[in-house]
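Fold and geometry: a report
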Amino acid sequence: MKKKVALHNLGCKVNAYEVEAMQQLLEQAGYEIVPFEPGADVYVINTCTVTNIADRKSRQMLHKAKKMNPDAIVVATGCYAQTDKGHLDTDDAVDLILGNNQKKNIVEALAEYGAAHEKQSHIIKINQTKEYEELSIRRTAEHVRAYIKVQDGCNQFCTYCIIPYARGRVRSRELDKIMDEVTALAKVGYQEVVLTGIHLSSYGVDFPPEKKENLLTLIQAVHEIEGIKRIRLGSLEPGIVTEDFAREISALPKVCPHFHLSLQSGCDATLARMNRRYRSGEYRERCELLRKYYGNPALTTDVIVGFPMESEEEFRESYEFVDSIHFYETHIFKYSRRQGTKAAAMEGQLTEAVKAERSDKMLEMHHRHAAEYEKSMLGKILEVLLEEEVAIDGRTYYLGHSREYVKTAVEKQEGYGVNDIVKVQAEAFLEQHTLLGKPV
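All values derive from a computational prediction rather than experimental measurement. (Residues numbered from 1 in each chain as written. Predicted model: local features only at pLDDT ≥ 70, side-chain atom pairs only at ≥ 80, totals over all residues. Heavy atoms only, no water.)

Take the sheet that holds strand S10 (residues 230–233) next. Spatially, 4 strands are ordered S8-S7-S9-S10 in an open sheet, and the strand pairing comes out mixed. The open sheet has two free edges, formed respectively by strand S8 (171–172) and S10, since each of these has just one partner strand. Where strand S7 (residues 145–152) lies against strand S9 (residues 192–197), 6 bridges are found, and the strand directions are parallel. Across the sheet, the residue bridging to Gln 151 is Gly 197, located in S9. Sheet contacts for helix H1 (residues 13–28): S7 and S9; angle to S7, the most-contacted strand, approximately 105°. (Pairing = 2+ DSSP bridges. Helix = DSSP H or I, 4+ residues; strand = E, 2+ residues; numbered from the N terminus. Contact = heavy atoms within 4.5 Å. Axes fitted to C-alpha atoms, helices over the stretch in contact; angles between N-to-C directions.)

Next up, the structure:
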């Protein structure tokens with residue numbers, strides 16, 4: 001009888017990709033994939049460590065798995081498993097520990113555990129490896145959009161971030177491996193891919209000079225793959241958006257006018273304490289470059305409020321800068337003190353009440369700008385990739401996203417269905433943050 005395995009992901013899109021890759025390795029080895037519920041023989045939790053709260057959620061999920069079946073093998077893998085300072089070694093809820101760069105060995109590690117019947121840990125010194133962990137997928141839980149991991153690790157060492165210690169240094173995936181994976185996904189019907197990584201902008205910096213690959217050449221290569229109609233990019237550092245980069249990608253019609261440029265703060269003094277590699281003036285220039293070549297692209301960003309020593313004046317400076325850029329979406333994070341980072345030891349830690357107040361102000365601005373951008377789409381012709389069938393107020397619609405990643409609904413009609421790309425004219429709002437389009 002097949003052994004049953006349940007998998008659960010915590011954290012980012014890279015983690016989600018790795019869970020799907022591990023699932024497919026387990027399926028190939030004869031395991032039966034089951035929901036994350038009581039009754040599985042193996043539970044695999046891909047952990048996250050981006051904040052102290054993420055650590056706690058990771059531990060809670062591991063304990064939940066053991067409670068669902070005390071006789072099951074509980075596997076802790078991912079970033080918390082990599083950075084944990086020995087707690088998992090003594091945690092009776094965990095049977096097998098797989099650090100980062102060890103997920104590809106999950107089938108062999110389970111077999112080894114089955115033979116030995118004693119707790120095992122597979123952790124390498126992640127900061128000393130130059131090996132990219134080769135994982136791949138043949139399908140994804142998102143039926144029309146595939147996230148493709150092309151890079152791992154980060155060399156930036158922002159003062160608030162633990163990820164370089166969890167993921168190691170920049171390691172880029174070989175271009176031919178990426179091309180093979182995207183080509184295979186295109187052949188089974190995926191039309192949209194999202195290139196993602198821990199620090200996507202660094203793709204290729206670790207290759208020898210003769211390879212001459214970088215993020216731009218990668219995008220250009222994927223653009224040539226038959227069947228792929230749309231290319232999106234994960235989070236970008238503003239420094240990569242040069243005049244040449246913006247001009248070259250704007251000449252590639254498959255690249256969607258939707259860019260996430262990491263900001264974190266609009267105050268230069270705060271950016272310096274964060275060890276970010278740019279200042280607000282440079283950031284503004286990069287946004288202007290994208291608007292020069294794309295007209296009205298969807299620009300999105302991340303902002304941290306309440307960073308250590310952030311004064312009221314510094315917060316106001318950050319707020320006014322973010323307001324002036326008019327992002328489509330602004331993801332707001334209250335600073336979370338992460339042990340093991342330089343920022344955790346800084347003086348001037350702010351209270352949760354102050355962080356919450358500043359977060360609320362930023363969120364109000366986000367909602368205002370999101371509504372403004374969506375309103376600017378009314379009357380325009382949008383290309384919508386239909387993703388799912390939904391019922392709203394008694395009517396049936398196909399729901400999807402435009403090239404700008406604006407959620408758009410189309411009333412169900414004959415002639416098209418899920419995974420079709422349909423041109424529509426945006427006529428009205430069906431509901432908040434969802435446009436209603438009429439096929440043209």
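Anyway, onward from the coordinates.
So, about the side chain of Thr 301. Relative to the helices and strands, Thr 301 is located in strand S12 (residues 298–305). Classification of Thr 301 as buried rests on a relative accessible area of 0%. Within the local environment of Thr 301, its side chain forms a polar contact with the backbone nitrogen of Leu 263, the two atoms lying 3.2 Å apart. Residues contacting Thr 301, with those up to four places away along its chain left out, are His 260, Leu 261, Ser 262, Leu 263, Tyr 283, Phe 327, Glu 329, Thr 330 and His 331. (Buried < 20%, exposed > 50% of the residue type's maximum accessible area, 1.4 Å probe, protein only. Polar contact = N/O pair within 3.5 Å; in protein donor to acceptor, adjacent residues only side chain to side chain.)

To continue, consider the nonpolar core. Ranked by internal contacts, the top residues of the largest apolar core, which has 58 residues, are Ile 148, Leu 195, Leu 215, Leu 218, Ile 219, Phe 259 and Met 362. The leading source of residues in this core is helix H7 (residues 215–223), at 6 residues. Apart from residues no more than four positions distant in its own chain, Phe 259 is found in contact with Leu 233, Leu 236, Ile 249, Leu 290, Tyr 294, Pro 297, Ala 298, Leu 299 and Thr 300. Counting 21 residues, the second-largest nonpolar core is a separate cluster that includes Leu 10, Ala 40, Val 74 and Ala 76. (Core = buried A, V, L, I, M, F, W, Y, C linked by side-chain atoms within 4.5 Å.)

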